[in-house]
Amino acid sequence: MTEQLNPAVSSGNDPSREMANAIRALAMDAVQTANSGHPGMPMGLADVATVLFEDFVHVDPADPSWPDRDRFVLSNGHGSMLLYAVHHLLGYSDMTLDQLKHFRQLGAKTAGHPEYGHALGIETTTGPLGQGITNAVGFALAERMLNARFGDDLVDHYTYAICGDGCLMEGISHEAIDLAGHLKLNKLIVLFDDNGISIDGKTSLSTSTDQVARFKASGWNAVSIDGHDAAAVRKALTEAKRSDKPTMIACRTIIGYGSPKLAGSEKSHGAPLGGDEITATRKALGWTSEAFVLPDEVVSRWRAISTKNAERRAEWEKRHDASPRRAEFDAAVSTALPADFAATMAAYREKLSQEQPKLATRKSSEATLEVINALTELTIGGSADLTHSVFTVTKGMTSVQADNYGGRYIHYGIREHAMAAVMNGLALHGGFIPYGGTFLVFSDYMRGAMRLSALMGLRVIYVLTHDSIGLGEDGPTHQPIEHLAMLRATPNLNVFRPADAIETAEAWEIALETTNRPTVLSLSRQNLPTVRAGDVAENRSRKGAYVLREAQGERAVTLIATGSEVEVALNAAEALKAEGIAAAVVSAPCLDIFAEQDAAYRQQVLGTAPRIAIEAAIGFGWDRWIGDNGRFIGMHGFGASAPAPQLYEKFGITSQAVVAAAKELTGR
């Protein structure tokens, strides 16, 4: 902090300070009861939060999903008791005192960090620092894009985010700040809890960044204020709402405000204050109520906020009901696919079956997107500066820019992590189905946000191309090896590696129909032949894996492959047939979905014969499908720089290697 603030003093008869002290009391009592948690941030930021919700954030506990509500994101999610206390005080029906008393306990809605879907009004899951502020960029961008489509009468709200030093130290924050400033997301307001304290002690141990200057350099308005001065907070927020840029307000606060011994110390960050210190804090604050007891007049002032916001919601509902575009707006907010979506995709599969194209699956993805993007405007594309390598733009899509929020294509720049977290914000906001592309190897850079996509169960689609050593000359830095295993190990994430244009279209169809989990499309750089023909009436990828070619006679061996290696398996099966060995070929575009099928189907597909898996990636995870006596044909280390055919030969991912393994397994 640049200056010393006054220590905590009794609030006297200041109603706003009493409202803030209710947050402080609930936070320190809940953490003490749980013997776990972070009281310092809620106590330090209570004054800011009180002004923010009393005069600026428009949410209605009676209708937490009101489409034109403001969005509030607690990016430094360890301070979750701030959010839970505010929600209880505002009157959210599920955030009872009993829930606060069971903070951080099994089955309670008051989890250690805010979790989307676990309690009303929680807009996003936060905790991993930097994710929330980047989600907030997605929320603010979604608002501007929906506003461009439907106008101020239906879409006119703000996104507010609270963050701490940790969020701003994380690298993703720079990506988010840069993008938001470039796009001039003026309805995004970030309040920085500038308390100068981190877990290890003073933030000066590890940083000397002038955050106000940093934000200004990225195209934001940025100011520094006393976060315990309600008038200063109110003035800064009022000015922020008039801005043509996003705004950051650095609120200088004292962590653990009110605690005589622990205020301003890292000791109040992540541990209970202790019974004696809580008693002393109550005295210092002039708070005479017992634990979890709130004065009626304080609760009444908080509930009056909700009454006012309910009136605001009712006014919006009148405009909504009178709007000639009401049905169109409601359809967009619901993100329901068009009624003819399945029929359109079935017709497209039939077209591909007849044409039998030989395309890289990244190009097959582009062709499929041409169909999808023409059918619905829900899909919002983008890439991390690789548009013409990952093929995520289609005809007629215009770029989203500060002077054109009506576009459908977002240039995220070389900001993979922010791309994923912004897409989470777009999906959470409603109105869009976001997809974004980069190379599969850079899923490393997106991992934190991808994990949260899965944790929250969001319909976000990751178009990840250049999926193996098949990308060739760019070499091992760009050749993914362990990435499929990492992604498949992530719960609630579908990972598709389609073998041809038909499976690619099927994967896109499933991804768009799956509303409760994200999807990865792992796509090839090199051209692949169509391996399916004539059996396209059914989307066979829905089962995750299926018998592409059955053995003639009793199976001697089962070859299981994904993506570009399905062609290798088919060639090997033909060679084995010539030698009198009956081989079935199983295409497994999505092992995650296959694992969810019943045992009878899995047994029907896999059979009882020895199994060989072929995939140009590391074999981790394949043991489940090939068993103790199976063989894996794939990578056992990093790749190399050379043309793709030479690499497949070098690393032994060939039909000849499959034939040799089959002979060994069958004793031929």
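Provided above is the structure to which this section pertains.
This section reports on the structure supplied with the text. Going along each chain's sequence as written, the residues are numbered from 1 onward. In keeping with the predicted nature of the model, local features appear solely for residues at pLDDT of at least 70, side-chain atom pairs appear and are counted solely at 80 or more, and the whole-chain, interface and lining totals rest on all residues. Remark: hydrogens and water are excluded; side-chain values derive from all non-hydrogen atoms of the structure.

**Here's the deal with the sheet that holds strand β16 (residues 546–549)**
Here is step 1 of the chain: Pairing between strands requires that DSSP locate at least two bridges from one strand to the other. Helix and strand assignments come from DSSP, with helices taken as H or I runs of at least 4 residues and strands as E runs of at least 2, each series counted from the N terminus. With mixed pairing, five strands are arranged side by side in an open sheet as β16-β18-β17-β19-β20. Strands at the two margins of the open sheet, each flanked by one partner only, are β16 and β20 (631–635). Put simply, the sheet's adjacent strands are angled 30° from each other on average, direction ignored.
Here is step 2 of the chain: By the bridge criterion, five bridges tie strand β17 (residues 557–561) to strand β18 (residues 583–587) in an arrangement that is parallel. Pairing of L559 across the sheet is with V585, part of β18.
Here is step 3 of the chain: Only heavy atoms enter the contact rule, under which two residues are in contact if any of them lie within 4.5 Å. All axes here are fitted lines through C-alpha atoms, helices being fitted over the stretch that makes contact, and every angle between N-to-C directions spans 0 to 180 degrees. In this fold helix α20 (residues 565–578) packs onto β16, β17, β18 and β19 (611–618), with an angle of close to 160° to the strand it touches most, β17.

**Some remarks on helix α7 (residues 171–182)**
Here is step 1 of the chain: An expected span of 1.5 Å times one less than the residue number is assigned to each helix. With 12 residues, α7 ought to run about 16 Å at 1.5 Å a step, and its terminal C-alpha atoms sit 17 Å apart, in line with that.
Here is step 2 of the chain: Three exposure classes are used, based on accessible area relative to the maximum for each residue type with a 1.4 Å probe and protein chains only: buried under 20%, partly exposed in between, and exposed over 50%. Along α7, the positions that sit buried rather than exposed are I172, S173, E175, A176, I177, L179, A180 and G181.
Here is step 3 of the chain: As for α7, its buried residues are in contact with α5 (131–150), α6 (165–169), β3 (188–194), α8 (211–217), β10 (409–411) and α16 (416–429).
Here is step 4 of the chain: Taken from the residues just after α7, K184 is the one with a positive phi, measuring 55°.

**Focus on the pattern of salt bridges**
Here is step 1 of the chain: Every case where a carboxyl oxygen of Asp or Glu lies within 4 Å of a side-chain nitrogen of Lys or Arg is listed as a salt bridge. Tallying each qualifying case throughout the model produces 33 salt bridges.
Here is step 2 of the chain: The residue R313 makes a salt bridge to E317 at a minimum N-O spacing of 2.7 Å. Pair noted here: R313 and E317 are both in helix α11 (residues 296–322), with a separation of four residues, about one helical turn.
Here is step 3 of the chain: What makes R313 buried here is its relative accessible area of 15%.
Here is step 4 of the chain: If you follow the salt bridges from partner to partner, you end up with E143, R144, D156 and K187 in one network.

**Some thoughts on the environment of S218**
Here is step 1 of the chain: Positionally, S218 belongs in the loop between α8 and β6 (221–226).
Here is step 2 of the chain: Separated by 11 residues in sequence, S218 and T207 have C-alpha atoms that sit 19 Å apart.

**Quick word on the pairing of strand β12 (residues 461–465)**
Here is step 1 of the chain: Most of β12 is tucked away, with five of its five residues classed as buried.
Here is step 2 of the chain: Residues I461, V463 and T465 line one face of β12 and the alternating positions Y462 and L464 line the opposite face, and both faces are buried.
Here is step 3 of the chain: Orienting the strands away from the viewer, one traces the path from the first strand over the helix to the second; a clockwise path indicates a right-handed crossover. Viewed along the sheet, the connection from strand β11 (residues 433–439) through helix α17 (residues 443–456) into β12 turns out right-handed.
Here is step 4 of the chain: Note that β12 and strand β14 (residues 519–522) share four bridges and pair parallel. Paired with V463 across the strands is L521, a residue of β14.

**Some points on the sheet that holds β12**
The pairing of strands in a sheet comes from backbone hydrogen bonds and takes either a parallel or an antiparallel form.
Here is step 1 of the chain: What the six strands build is an open sheet, ordered β10-β9-β11-β12-β14-β13; its pairing is parallel. Lying at the two open borders of the sheet, with one neighbouring strand each, are β10 and β13 (494–496). Here the average twist between neighbouring strands, direction ignored, is 20°.
Here is step 2 of the chain: In this sheet, β10 lies alongside strand β9 (residues 379–383) in parallel orientation, the contact comprising three bridges. Bridge pairing in β10 links G381 to Y409.
Here is step 3 of the chain: Each of β9, β10, β11 and β12 touches α16; the most contacted strand, β11, lies at about 170° to it.
Here is step 4 of the chain: Seen against the sheet, helix α19 (residues 501–513) touches β9, β11, β12, β13 and β14 and runs at an angle of roughly 155° to β12.

**Section: unusual backbone geometry**
Here is step 1 of the chain: Look at N35: it is not a glycine, yet its phi comes out positive at around 55°.
Here is step 2 of the chain: Note on placement: N35 falls in the loop between α1 (15–34) and α2 (40–55).
Here is step 3 of the chain: Residue D385 is not a glycine yet carries a positive backbone phi of 65°.
Here is step 4 of the chain: Residue position: D385 is located in the loop between β9 and α15 (387–390).
Here is step 5 of the chain: Residue classification places D385 among the exposed residues on the basis of a relative accessible area of 52%.

**A word on α2**
Here is step 1 of the chain: For α2, built from 16 residues, the straight-helix expectation of 22 Å at 1.5 Å per residue is met to within 8% by its first-to-last C-alpha distance of 24 Å.
Here is step 2 of the chain: Two axes enter the definition of the bend at a residue: one is fitted to the seven residues ending there, the other to the seven starting there, and the bend is the angle between them. Of all the bends in α2, the largest measures some 55° and sits at A46.
Here is step 3 of the chain: With 15 of 16 residues buried, α2 is to be regarded as a mostly interior element.

**Focus: the environment of R282**
Here is step 1 of the chain: Position of R282 relative to the elements: it lies in helix α10 (residues 275–285).
Here is step 2 of the chain: Beyond its immediate sequence surroundings of up to four residues, R282 is in contact with A25, M28, D29, W287, S289, E290, A291 and F292.

**Digging into the packing of α11 against helix α12 (residues 326–334)**
Here is step 1 of the chain: It is at 7 Å that the axes of α11 and α12 come closest, and there the two elements cross at 115°. Classified by the angle their axes make, α11 and α12 are roughly perpendicular. Residue-level inspection shows W316, H320 and D321 of α11 in contact with α12, the latter providing R326, F329 and D330.
Here is step 2 of the chain: Here the contact of α11 with α12 is built from residues that sort into two nonpolar, one polar and three charged. Our angle categories are set so that under 35 degrees counts as roughly parallel, over 145 as roughly antiparallel, 65 to 115 as roughly perpendicular, and the remainder as oblique. Note on residue classes: Ala, Val, Leu, Ile, Met, Phe, Trp, Tyr, Cys and Pro are nonpolar, Asp, Glu, Lys and Arg are charged, and everything else, Gly too, is polar.

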